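Chain residues, written in single-letter form:
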Amino acid sequence: MKKVLVPVTALVLVTAAATWGAMQALTLPANLADFRHVGSLVIPDKASPLFGIHHFYLNDQGMAAFPNSGPYPEGTIFVGKVYEADDQEGALNEGKMRFYTYMEKSSKRSDTGGWLFAAFSPEGKLLDKDVKKECFDCHAPQKDADYVFSKALK
Ligand code: HEC
């Protein structure tokens, strides 16, 4: 019995390590400056984990699908830049950068709608998040728009 269990445990560990390794290797796109701004969102509630001014950017791969709200092709990436919302005498302006949000279309992520969800620190370090609970569950009702909230503005 032991002989069977050991390789199975080893396999599970190797798979878990490979998944964690792949996540660790995840970085912000090097060509982020080439992404197009497709929308913004302000969450003024300081108690919300998503407090701040969010600006959303989309890469070339997703651009053709954006006016129809998906479906998005493999390799589509949305990045959100999140700043503190500074109230300057009634005008909300970007303050300190808080974090980045990230969604990449990947057929390997069937448990989160075919998107890899992630968040990065302002320095670009991958943050440790339970993305299914902290991200996907809120995006899930957007299924008809391929789990994407942002829509082309008229
Ligand atoms: C409480 C709901 C909620 C949670 C939780 C949430 N989001 Fe979103 N997310 C939104 C909304 C609302 C928008 C876009 C609003 C708009 O401009 O239309 C959005 C937009 C985005 C976008 C741009 C693409 C799109 O869907 O419009 C990315 C990328 C993103 N979120 C990633 C994340 C990540 C990563 C997490 C977890 C760390 C997360 N979100 C958690 C509600 C949520």
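Up top is the structure these notes are about.
Structure report, in brief. (Residues numbered from 1 in each chain as written. Predicted model: local features only at pLDDT ≥ 70, side-chain atom pairs only at ≥ 80, totals over all residues.)

Examining the overall build of the protein
Phase 1 of the analysis: A tally of regular secondary structure across the protein gives three helices and five strands.
Phase 2 of the analysis: Reading the protein from its N end, one meets helices and strands in the order α-β-β-α-β-β-β-α.
Phase 3 of the analysis: In the protein, which comprises 154 residues, the proportion classed as buried is 19%.
Phase 4 of the analysis: Considering only residue pairs separated by 6 or more positions, the protein has 40% of its internal contacts joining residues 24 or more positions apart. (Helix = DSSP H or I, 4+ residues; strand = E, 2+ residues; numbered from the N terminus. Buried ≥ 20, exposed ≤ 12 C-beta atoms within 10 Å, placed from the backbone. Contact = placed C-beta atoms within 7 Å.)

Observations regarding the sheet that holds strand S5 (residues 115-120)
Adjacent strands of a sheet pair through backbone hydrogen bonds, lying either parallel or antiparallel.
Phase 1 of the analysis: Read from one edge of the open sheet, five strands run S1-S2-S3-S4-S5, paired in antiparallel fashion. Only two strands of the sheet have a single neighbouring strand rather than two, namely strand S1 (36-43) and S5. Each strand axis lies, on average, 25° off the axis of its neighbour in the sheet, ignoring direction.
Phase 2 of the analysis: As paired strands, S1 and strand S2 (residues 52-58) are joined by seven bridges and run antiparallel to one another. Bridge assignment links Leu41 to a residue of S2, and that residue is His54. (Pairing = 2+ DSSP bridges. Axes fitted to C-alpha atoms, helices over the stretch in contact; angles between N-to-C directions.)

Some remarks on the environment of Ser150
Phase 1 of the analysis: Secondary-structure assignment places Ser150 in the segment after helix H3 (131-139).
Phase 2 of the analysis: When the 19 C-beta atoms within 10 Å are taken as the criterion, Ser150 is described as partly exposed.
Phase 3 of the analysis: With near-sequence residues (within four places) excluded, Ser150 lies in contact with Val38, Gly39 and Phe56.

Some details on unusual backbone geometry
Phase 1 of the analysis: The step from Gly70 to Pro71 runs through a cis peptide bond, and the omega angle for that step is 0°.
Phase 2 of the analysis: Examined against the element boundaries, Pro71 turns out to sit in the loop between helix H2 (60-63) and strand S3 (77-88).
Phase 3 of the analysis: Although it is not a glycine, Tyr147 sits at a positive phi angle of roughly 70°.
Phase 4 of the analysis: With respect to the helices, strands and loops of the structure, Tyr147 is situated in the segment after H3.
Phase 5 of the analysis: In this structure Tyr147 comes out as buried when scored by C-beta crowding, with 22 C-beta atoms within 10 Å.

A closer look at the site of the ligand
Phase 1 of the analysis: Not every one of the 21 residues close to the ligand is listed here, only the nearest: Thr101, Cys135, Cys138, Phe149 and Ser150.
Phase 2 of the analysis: Every element with two or more residues in the shell around the ligand is listed here: S1, S3, strand S4 (91-105), S5 and H3.
Phase 3 of the analysis: Here the shell around the ligand takes five residues from H3, the largest share from any one element.
Phase 4 of the analysis: Partitioning the shell around the ligand into residue classes produces 14 nonpolar, five polar and two charged. (Near = placed C-beta within 6 Å. Nonpolar A, V, L, I, M, F, W, Y, C, P; charged D, E, K, R; others polar.)

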